[in-house]
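Topology and contacts: notes
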Amino acid sequence: MSEQLHIKELLYKMADDLLILGHRNGEWTGFGPLLEEDIAFSSMAQDKIGQSLALYQVLNQMGEQDPDTIAFMRNAPQFHSCHLVEMPNGEYDFSLIRHFLFDNADFLRWESLATSTFSPLAKISRKIKGEVKYHVFHADTFLMKLGNAEGESHDRMQKALDETFNLALGIFEPSDNEDKLINEGIFIGEKALQQRWLEAITPVVLKAGLRLPAESTWQPVYGGRKGKHTEHLQPLLDEMTEVFRIDPGAEW
Amino acid sequence: MITEHDIWLALEEVMDPEIPTISMVDMGIITGVEMKDGGNYVKVNMTPTFSGCPALRIMESMVKERLEQMHIPHIEVETTFDVAWNSDRITEKGRLALLKHGLAPPEPKREGYIELAVLNDVACPYCGSRNTTLKSPFGPTLCRALHYCNNCLQAFEQFKPVF
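Report follows, based on the coordinates. Source: prediction; values computed, not measured.

1. Considerations on the overall build of chain B
- What chain B contains, in helices and strands, is three helices and seven strands.
- In sequence order, the secondary structure elements of chain B are arranged as α-β-β-α-β-α-β-β-β-β.
- For chain B, the spread of C-alpha atoms along the principal axes amounts to about 55 × 30 × 25 Å.
- Across the 163 residues that make up chain B, the buried fraction comes to 36%.
- Long-range pairs, those at least 24 residues apart, make up 52% of the contacts in chain B with a sequence separation of at least 6.

Shown next as structure tokens:
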């Protein structure tokens, strides 16, 4: 029984990350610096919200409430998303760096879960990893283009990377009961995932003419997985649910 | 009496709402047909091409409507991830239908498939040249990427390879 709780914890943090970042990506619709980029962030928003739905559906099958209720009826302290995803979009450099750091981690997570012993999650992971490859491809391409460009472009990417890295380490906030999931072959665990992530992003960062912040400065921003959030999450939720809350029982 | 073969034939008439030249069968979205009770109960299993595809609910209702025309009393349509969709599920006929719509079909999965490097190796649907460039992996729908043909100087879209 407790195993079910730990699986739910894993599903919630993944789904909440995707729902919140999907919403943030969607805020670029109509504001992207190029038409193609406007479309890219809007498409990734659509993917991520669809992926969060797939996870909320698994939760629903495990006895949690229906996906719309889970997505739209909770307040900030009930969300398990990391701080990285709730930060306002800011400038495009921050959005791109967040996209690069998050989506590389996200792809590796789905890839590792494709062989999970918890089959409902393994099934959706086998599908979704193919979708997220495109997110990684897009992020890596832009990191290399802008990082290798001269002057302001390079400097802003480096500055954004320096300022975002500790938030990104917060993706891998460990949970108290992770060992059980690891022992059962359900999930490889956040520590192993972070290691794979560092191995994946380091060569891309170097190829982009950038550098990761020195390890001595790493201070992961934790708290999100346990419901502690910044002041930015609740206003996002208020906006996201504004129409839903007018008439929660409405048929669409 | 209606047979499973009849059901498949009927489903071949249900076209993708976003690409009306290809049927949902040729797209590889229909993963199975189950019949029970002497043909009084038919269940159609489907799998999403993209988990965020907004056409999914519409496709389910299109399948249902088509079977209702056959006067089947109990119809069920279910979309699950039991069979993971990938672009090799598109049939040969389906690939031609995509071309007819002006979309380059996805490259098939190759031995030693170099993940995304293959994205830049796409034949132009208008002139057939492979001298093309990927402009963006995201296009007007989740399943399409934007390319440019350096030979006939035309922008074109590709149905993305997904594995």
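2. Observations concerning the overall build of chain A
- When helices and strands are counted, chain A shows eleven helices and zero strands.
- Counted from the first residue to the last, chain A has its helices and strands arranged as α-α-α-α-α-α-α-α-α-α-α.
- Taking 18 Å as the expected radius of gyration for a compact globule of 252 residues, we find that chain A reaches 18 Å, a close match to that expectation.
- Overall size of chain A, expressed as C-alpha extent along the three principal axes, is 55 × 45 × 30 Å.
- Counting the 252 residues in chain A, one finds 46% classified as buried.
- Within chain A, residue pairs in contact and separated by at least 24 positions form 75% of the contacts whose partners lie at least 6 positions apart.

3. Points about the interface of chain B and chain A
- Between chain B and chain A, the residue contacts involve 20 residues of the former and 21 residues of the latter.
- Its residues assigned to classes, the side of chain B that touches chain A comprises twelve nonpolar, five polar and three charged.

4. With respect to the sheet that holds strand β7 (residues 154-159) of chain B
Residues and elements named next belong to chain B.
- Reading across from one edge, β4-β7-β6-β5 is the order of the four strands in this open sheet, with mixed pairing throughout. What marks the edges here is a single partner per strand, and that holds for β4 (103-104) and β5 (132-136).
- Summarising the sheet, strand β6 (residues 144-149) and β7 pair through six bridges and their orientation is antiparallel. Bridge pairing in β7 places R144 opposite F159.

5. A closer look at the sheet that holds strand β1 (residues 30-36) of chain B
Residues and elements named next belong to chain B.
- What the three strands build is an open sheet, ordered β1-β2-β3; its pairing is mixed. Unpaired on one side and paired on the other, β1 and β3 (74-79) mark the two borders of the sheet. Across the sheet, the axes of successive neighbouring strands diverge by a mean angle of 15°, strand direction being ignored.
- The sheet contact formed by strand β2 (residues 41-46) and β3 spans six bridges and is parallel. Note that in β3 the partner of V42 across the bridge is I75.
- Each of β1 and β2 is contacted by helix α1 (residues 4-11), which is oriented at about 140° to β1, the strand it contacts most.
- The strands touched by helix α2 (residues 56-68) within the sheet are β2 and β3, with β3 carrying the most contacts at an inclination of about 160°.

6. A few points about the packing of helix α2 (residues 35-61) of chain A against helix α6 (residues 119-148) of chain A
Residues and elements named next belong to chain A.
- The contact between α2 and α6 brings their axes to 11 Å, and the two run at 165°. Judged by the inter-axis angle, α2 sits roughly antiparallel to α6. By crossing handedness, the relation of α2 to α6 is classed as left-handed. Residues A40, M44, D47, Q51, A54, V58 and Q61 of α2 touch α6, and the partners they reach there are P120, L121, I124, I128, E131, H135 and H138.
- The class makeup of the residues in the contact of α2 with α6 is eight nonpolar, four polar and two charged.

7. Let's talk about the pairing of β7(B)
Residue and element names in this part refer to chain B.
- Where β4 lies against β7, two bridges are found, and the strand directions are parallel. Paired with A104 across the strands is Q158, a residue of β7.
- Two successive antiparallel strands, β6 and β7, enclose a turn made up of four residues, where L153 displays a positive phi of approximately 55°.

8. Examining helix α7 (residues 152-169) of chain A
Residues and elements named next belong to chain A.
- The end-to-end C-alpha distance of α7, which contains 18 residues, comes to 26 Å, matching closely the 26 Å that a straight helix rising 1.5 Å per residue would cover.
- Among the residues of α7, M157, A160, L161, T164, F165, L167, A168 and L169 are the ones counted as buried.
- As for α7, its buried residues are in contact with α4 (83-86), α5 (92-113) and α6.

9. A few points about α2(A)
- Its 27 residues give α2(A) an end-to-end C-alpha distance of 39 Å, which sits within 8% of 39 Å, the value for a rise of 1.5 Å per residue.
- Two residues or fewer past α2(A), A:G63 is found with a positive phi of approximately 105°.

10. As for the packing of helix α1 (residues 2-26) of chain A against α2(A)
Residue and element names in this part refer to chain A.
- Following both chains from N to C, one finds α1 and α2 inclined at 155°, their axes separated by 8 Å at the closest point. When the axis of α1 is compared with that of α2, the two are roughly antiparallel. Considering how the two elements wind past one another, α1 and α2 form a crossing that is left-handed. Seen from α1, the contacting residues are K8, L11, Y12, M14, A15, L18, L19, L21, G22, N25 and G26; seen from α2, they are F41, S42, M44, A45, K48, I49, Q51, S52, L55, Y56, V58 and L59.

11. A few points about the environment of A:M73
- Here A:M73 shows up in the loop between α3 (67-72) and α4.
- Taking the C-alpha atoms as reference points, A:M73 and A:G224, 151 residues apart in sequence, are found 18 Å from one another.

12. Digging into unusual backbone geometry
Residues and elements named next belong to chain B.
- We note that H71 has phi near 60°; this positive angle belongs to a residue other than glycine.
- Among the structural elements, H71 can be located in the loop between α2 and β3.
- On the basis of neighbour count, H71 is assigned to the exposed category, with 7 C-beta atoms found within 10 Å.
- For L153, which is not glycine, the phi torsion reads 55° and is therefore positive.
- Here L153 lies in the loop between β6 and β7.

13. Section: the pairing of β1(B)
Residue and element names in this part refer to chain B.
- Across six bridges, the pairing between β1 and β2 is antiparallel. When the bridges of β2 are listed, K36 appears paired with Y41.
- Between the antiparallel neighbours β1 and β2 lie four residues, among them D37 with a positive phi of about 60°.

What counts and how
Residues numbered from 1 in each chain as written. Chains lettered and ligands numbered in written order. Predicted model: local features only at pLDDT ≥ 70, side-chain atom pairs only at ≥ 80, totals over all residues. Helix = DSSP H or I, 4+ residues; strand = E, 2+ residues; numbered from the N terminus. Buried ≥ 20, exposed ≤ 12 C-beta atoms within 10 Å, placed from the backbone. Contact = placed C-beta atoms within 7 Å. Rg over C-alpha atoms; globule rule 2.2 N^0.38 Å. Nonpolar A, V, L, I, M, F, W, Y, C, P; charged D, E, K, R; others polar. Pairing = 2+ DSSP bridges. Axes fitted to C-alpha atoms, helices over the stretch in contact; angles between N-to-C directions. Parallel < 35°, antiparallel > 145°, perpendicular 65-115°, else oblique. Left-handed = near helix turned anticlockwise from the far one by under 90°. Expected span 1.5 Å × (residues − 1).

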